[in-house]
Amino acid sequence: MKKVKNRSFSALIIAFAVIFGMVFYTVRYASDGEDWATFTADSQIVTNEGKLISGTVLDRNGVLLAKADNSKQDYSDDLLTRISTLHAVGDFPGNIGTGALSVFAEHLSGYNPITGITGEGGTVKLSIDSRINTVAYEAMAGRKGAVLISNYHTGEILCMVSAPSYDPLEGFDSSDPAYSGAYLNRCISSAFTPGSVFKLVTTAAALEQIDDIYSRRFTCEGQSFVDGSVINCTGTHGEQTIEQALANSCNCAFAELSLLLGGDTLEKYASDYGFTSSHSLNGIDTKKGRFESFDDATPGLAWSGIGQATDLVCPYSMLRFTSAIANGGTLVEGSLILNETGKMSTLIAPDTAHTLAEMMSYNVHTAYGTWLFPGLDMCAKSGTAEVGDGSSHSWFTGFITNEGHPYAFTVIIENAGGGLRNAGAVANTVLQALVTTHME
């Protein structure tokens, strides 16, 4: 009798274990079955024969960007479209792991929970406009860098261009320095010395932390001294308000502001605004930036608030910040999927965002010249970031307020020199194309 009881008890345990295992498997299958079915070592969707499952990537207007049909893999018929959209689309071998072919591979696989991978494939319609990408790539004129434009009301990314790029049908000579970093999407996977575009962050901190900021005056004689070190300016600006100091991009004024604010405060603002964090763009982890909190009353602190020292900023993080300014402080997270509105949050205090927007408009009207951006209601900040080899990165970030065209932008061109002259010209070219093109 005792043996029968023991056997019955053992059988009961086994039965419970089997039932538990089936339930656990069913739950895991429902939640992770698509991942199991589409997993491969190189993150590409393949059949047992090693051929890519069917799938199609389109731009916002339905232009074909990439398609796989069992054994056949292809991209756009247009060379410039292939090159200019490559980093957003990705490549079939998976060298560009942040492109749509990799990131949205599960959807492209045509996965079915009953039959597994069907081979019929899915379609991903990106938010980018391939026509605008081609304009941006041509405007870069062979220079390295990144161009990003988004709709700041919806978060949709309309333009994402990283240079250098290459024709995915032909590849490139890896020994050619012109293609250095060609697999890297500089829009989201790189961080650069920001230079004066970071002064927007320092300005925001000053607006909120310095009580007499609107009545305070800053004197620039072409240079100032911090603990025996020289802070050189780009000009001699005399006495100026905070608004004028931003328009003049006065290093002396912003060195003074940095010392008044302190390293801990500036570090907190850089962190709160997302510059030192990685962000998720449709599941793609973006590059973290860097802001070092130097000791008070030191040259390092002065230069960090100017956007130099050891500062690093990802172009996508700058786009998020600028978009929030344009949108009254509300950030709509970016998206590469058409008609997918990102999560909303308050990134900047509304009053601060409004004042920054007015200052950026003042920059264009008094320092840059509205004639450089005909027909565009431009609010912007330029940056010329010294990188230690005698050259400077060229930055231009901002937004336009034209009715029906709520576009924010960030442009960086590596080692190109003046921000307004170089990155500003690229931004104008692309935005002019956008406002004259019917956005479907």
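Residues numbered from 1 in each chain as written. Predicted model: local features only at pLDDT ≥ 70, side-chain atom pairs only at ≥ 80, totals over all residues. Heavy atoms only, no water.

(A) The arrangement of the layout of surface pockets in detail. Its boundaries defined by the atoms lining it, the largest pocket holds a volume of some 320 Å³. If you trace the largest pocket, you find 22 residues lining it, with S196, T234, S249, N251 and T384 closest to the centre. At the level of elements, helix 8 (242–248), helix 11 (299–306), strand 17 (378–386) and helix 14 (419–435) are the ones that each hand at least two residues to the lining of the largest pocket. The element contributing the most residues to the lining of the largest pocket is strand 17, with five residues. (1 Å grid on protein atoms, 1.4 Å probe; cavity = no way out; pocket = protein on both sides within 12 Å on 5 of 7 lines; lining within 4 Å. Points joined across faces, edges and corners; volume = space filled by probe spheres on them. Helix = DSSP H or I, 4+ residues; strand = E, 2+ residues; numbered from the N terminus.)

(B) Looking closely at empty space enclosed by the protein. Throughout the structure, instances matching the rule amount to four cavities of 30 Å³ or more. For the second largest cavity, the calculated volume is near 70 Å³. Forming the boundary of the second largest cavity are 13 residues, of which S150, L319, S323, V332 and G334 lie nearest the centre. Contributions of two or more residues to the lining of the second largest cavity are made by strand 7 (145–151), helix 12 (315–326) and strand 15 (330–332). The biggest single contributor to the lining of the second largest cavity is helix 12, with four residues. Of the residues assigned to the lining of the second largest cavity, the class counts are six nonpolar, five polar and two charged. (Nonpolar A, V, L, I, M, F, W, Y, C, P; charged D, E, K, R; others polar.)

(C) Here's a closer look at the nonpolar core. Counting residues in each nonpolar core, the largest one holds 84 residues, and the members touching the most others are V57, L126, I157, M160, Y273, F321 and F399. Apart from the residues within four sequence positions on either side, M160 is in contact with S84, A88, I128, N133, V147, L148, N185, C187, I188, L281 and L336. In this structure, I83, A136, L376 and V430 belong to the second largest nonpolar core, which totals 31 residues. (Core = buried A, V, L, I, M, F, W, Y, C linked by side-chain atoms within 4.5 Å. Buried < 20%, exposed > 50% of the residue type's maximum accessible area, 1.4 Å probe, protein only. Contact = heavy atoms within 4.5 Å.)

(D) A look at the packing of helix 7 (residues 199–209) against helix 10 (residues 263–272). Look at helix 7 against helix 10: their axes get within 10 Å of each other, and the N-to-C directions meet at 115°. The way helix 7 lies across helix 10 gives a crossing that is right-handed. Of the residues in helix 10, those in contact with V201, T202, A204, A205, E208 and Q209 of helix 7 are T265, L266, Y269 and A270. Its residues assigned to classes, the contact of helix 7 with helix 10 shows six nonpolar, three polar and one charged. (Axes fitted to C-alpha atoms, helices over the stretch in contact; angles between N-to-C directions. Left-handed = near helix turned anticlockwise from the far one by under 90°.)

(E) Examining the sheet that holds strand 2 (residues 64–69) more closely. Strands sit in the order 3-2-1-6 across an open sheet of four strands; the sheet is mixed. Both edges of this open sheet fall to strand 3 (72–75) and strand 6 (122–125), since each of them pairs with a single strand only. On average, adjacent strands in this sheet sit at an angle of 5° to one another, irrespective of strand direction. By the bridge criterion, four bridges tie strand 1 (residues 55–58) to strand 6 in an arrangement that is parallel. (Pairing = 2+ DSSP bridges.)

(F) Quick look at helix 13 (residues 350–368). Taking 1.5 Å as the rise per residue, helix 13 with 19 residues should run 27 Å; its terminal C-alpha atoms sit 26 Å apart, in good agreement. Every buried residue belonging to helix 13 is among T352, A353, T355, L356, A357, M359, M360, N363, V364 and Y368, and all of these are buried. Along its buried surface, helix 13 packs onto helix 7, helix 8, helix 12, strand 17, strand 18 (392–400) and helix 14. Downstream of helix 13 by one or two residues, G369 has phi in the positive range, about 110°. (Expected span 1.5 Å × (residues − 1).)

(G) Structural view of the pattern of salt bridges. Applying the stated criterion across every chain, the model contains seven salt bridges. For E156, the salt bridge identified is with R60, shortest N-O distance 3.6 Å. Of this pair, E156 sits in the loop between strand 7 and strand 8 (157–163) while R60 sits in the loop between strand 1 and strand 2, placing them 96 residues apart in sequence. A relative accessible area of 7% means that E156 is categorised as buried. (Salt bridge = Lys/Arg side-chain N within 4 Å of Asp/Glu carboxyl O.)

(H) Spotlight on the packing of helix 7 against helix 13. At a minimum axis separation of 10 Å, helix 7 and helix 13 run at an interaxial angle of 130°. Regarding the angle of helix 7 to helix 13, the classification is oblique. As helix 7 runs across helix 13, the sense of the crossing is right-handed. Mapping the contact onto sequence places L200, T203, A204, L207 and E208 in helix 7 and T352, T355, L356, M359 and M360 in helix 13. Here the residues of the contact of helix 7 with helix 13 are counted per class, giving six nonpolar, three polar and one charged. (Parallel < 35°, antiparallel > 145°, perpendicular 65-115°, else oblique.)

(I) Spatial organisation of the packing of aromatic side chains. In total, this model carries 14 aromatic pairs according to the counting rule given. With centroids separated by 6.1 Å and ring planes inclined at 80°, the aromatic side chains of Y152 and F399 adopt a geometry described as edge-to-face. One end of the pair, Y152, is in the loop between strand 7 and strand 8; the other, F399, is in strand 18, with 247 residues separating them in the sequence. One aromatic cluster is present, formed by F198, Y269, Y273, F275, F291 and F321 through successive ring pairs. (Phe/Tyr/Trp six-rings, centres within 6.5 Å; stacked < 30°, edge-to-face > 60°.)

(J) Representation of the sheet that holds strand 18. Strands sit in the order 8-7-19-18-17 across an open sheet of five strands; the sheet is antiparallel. In this open sheet, the two strands that pair with only one neighbour each are strand 8 and strand 17. Within this sheet the neighbouring strands show an average axis-to-axis angle of 5°, counted without direction. Of the strands in this sheet, strand 7, strand 8 and strand 19 (407–413) touch helix 6 (residues 130–140), which is tilted by about 35° from strand 8. Sheet strands touched by helix 13: strand 17 and strand 18. Its angle to strand 17, the strand with the most contacts, is close to 75°.

(K) Examining the pairing of strand 7 more closely. Taken across its seven residues, strand 7 has seven buried, putting it largely inside the fold. Of the two faces of strand 7, the one holding G145, V147, I149 and N151 and the one holding A146, L148 and S150 are both buried throughout. Across six bridges, the pairing between strand 7 and strand 8 is antiparallel. The partner of A146 across the bridge, within strand 8, is S162. The antiparallel pairing of strand 7 with strand 8 creates a hairpin that spans five residues between the two strands, and G155 there sits at a positive phi of about 85°. Relative to strand 19, strand 7 runs antiparallel, the two sharing seven bridges. When the bridges of strand 19 are listed, G145 appears paired with I413.

Note that every value here comes from positions in space, so none of it alone points to a role or purpose.
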